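Architecture and fold: a report
Each chain, written out:
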Amino acid sequence: MVLVRGHSLLGAILLCSVLLLVSSNEVGLAGKVLVFPYETDFSFVTLKPRMAMELRAFTLCLRVATELPADRQIILFAYRTADYDELNVWRERDGRVSFTLSGDGVFFHLPPITTFRTSLCLTWETNRGLAAFWVDGKRSSYQVYKPGHTVQPGGTVLLGQDADKHLGDLEATQSFVGEVTDLNMWDHVLSRSAIQAWHYGHRVPEGNVFAWASIEYAPSGNVLVVDDD
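Residues numbered from 1 in each chain as written. Predicted model: local features only at pLDDT ≥ 70, side-chain atom pairs only at ≥ 80, totals over all residues. Heavy atoms only, no water.

Our next topic: the state of the cysteines. For the coordinates displayed, the defined rule picks out one disulfide. The partner cysteine of Cys61 in its disulfide is Cys121, sulfur to sulfur 2.0 Å. In this structure the cystine formed by Cys61 and Cys121 twists about its S-S bond by roughly 115°; its chirality is therefore right-handed. Taken as a pair, Cys61 in strand 4 (residues 57–65) and Cys121 in strand 9 (residues 118–125) lie far apart in primary sequence, 60 residues in all. (Disulfide = S-S within 2.5 Å. Helix = DSSP H or I, 4+ residues; strand = E, 2+ residues; numbered from the N terminus.)

Quick look at the structure:
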């Protein structure tokens, strides 16, 4: 997937400032929702992983809702190193959902992400390259994508924006507008039963890469942290 993106000096300055102020990170979002109320090129949340993101498998789960129109591209999760978009998840302009690992992406036809909260998980493992999305506990068909690949550590994880280069270049027209909650990530592929248990709000082992209840995060710009009523 080749994307042409804009340039935001303000967004780059804010992103650099947040990354330098590690000591100001907040901790824990249990019972909370991140609300991105407007389209901007400067509102985002930086997440600090619990371990180095050198990943040969993962499960990424989050609950998401948006009022943005179906033909509007949206960044759902962005992990960028100095050289690559290591792990990005997008809703594309044609409504498909994609993810990329350091290059071209793989695309899935999924039920639409709407104003009503969707439980969305993504699983991938390097041995066979098996990749799938899970929507409200139901798995998509598998696709084979980048067997033998390893996600590289040392980058920056953002919600709300996609940095087109490490520490900069943000574009309002790709920003996320809506709600995100309950983001968890594991360094292995969860079982079907575990993903379905997470979807229904049952207790599962917390993510060892990101765990929403104890996640270390730094909001910047116009992002609200509200109770999950």
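Read on for the rest.
Summed over the entire model, instances satisfying the criterion amount to six aromatic pairs. Taken together, a centroid distance of 5.8 Å and an interplanar angle of 35° make the contact between Phe58 and Trp124 tilted. Remark: Trp124 occurs in strand 9 and Phe58 occurs in strand 4; sequence separation between them is 66 residues. In this structure, Phe58 and Trp124 share a single accessibility class: buried. Both rings, one in Phe108 and one in Phe133, keep their centres 5.0 Å apart while their planes meet at 80°; by these two values the pair is edge-to-face. One end of the pair, Phe108, is in strand 8 (residues 105–108); the other, Phe133, is in strand 10 (residues 130–135), with 25 residues separating them in the sequence. Judged on exposure class, the residue Phe108 and its partner Phe133 are both buried. Directly above the ring of Trp198 sits Arg63, whose terminal nitrogen or CZ lies 3.9 Å from the centroid. (Phe/Tyr/Trp six-rings, centres within 6.5 Å; stacked < 30°, edge-to-face > 60°. Buried < 20%, exposed > 50% of the residue type's maximum accessible area, 1.4 Å probe, protein only. Lys NZ or Arg CZ within 6 Å of the ring centre and 35° of its normal.)

This part takes up the nonpolar core. Counting residues in each nonpolar core, the largest one holds 46 residues, and the members touching the most others are Phe58, Phe77, Phe99, Leu183, Met185 and Phe210. Those residues in contact with Leu183, other than ones at most four positions away along the chain, are Leu47, Leu60, Cys61, Leu62, Phe77, Leu159, Phe210, Ala211, Trp212 and Ile215. Counting residues in each nonpolar core, the second largest holds nine residues, with Cys121, Ala132, Trp134 and Ile195 among its members. (Core = buried A, V, L, I, M, F, W, Y, C linked by side-chain atoms within 4.5 Å. Contact = heavy atoms within 4.5 Å.)

Turning to the pairing of strand 7 (residues 97–100), a few remarks are in order. Burial of strand 7 is two-sided: the residues Val97 and Phe99 facing one way and the residues Ser98 and Thr100 facing the other way are all buried. Here strand 6 (residues 85–91) pairs with strand 7 via four bridges, running antiparallel. Each residue of the ladder has a partner; that of Asn88, found in strand 7, is Thr100. With antiparallel pairing between neighbouring strands as the criterion, strand 6 and strand 7 make up a hairpin whose turn holds five residues, including Gly95 at a positive phi of roughly 95°. As paired elements, strand 7 and strand 8 share four bridges and run antiparallel to each other. Residue pairing for strand 8: Thr100 is matched across the bridge by Gly105. Hairpin connection of strand 7 to strand 8: four residues between the antiparallel strands, including Ser102 at a positive phi of 55°. (Pairing = 2+ DSSP bridges.)

Scope: geometric values only; no functional claims are made or implied.
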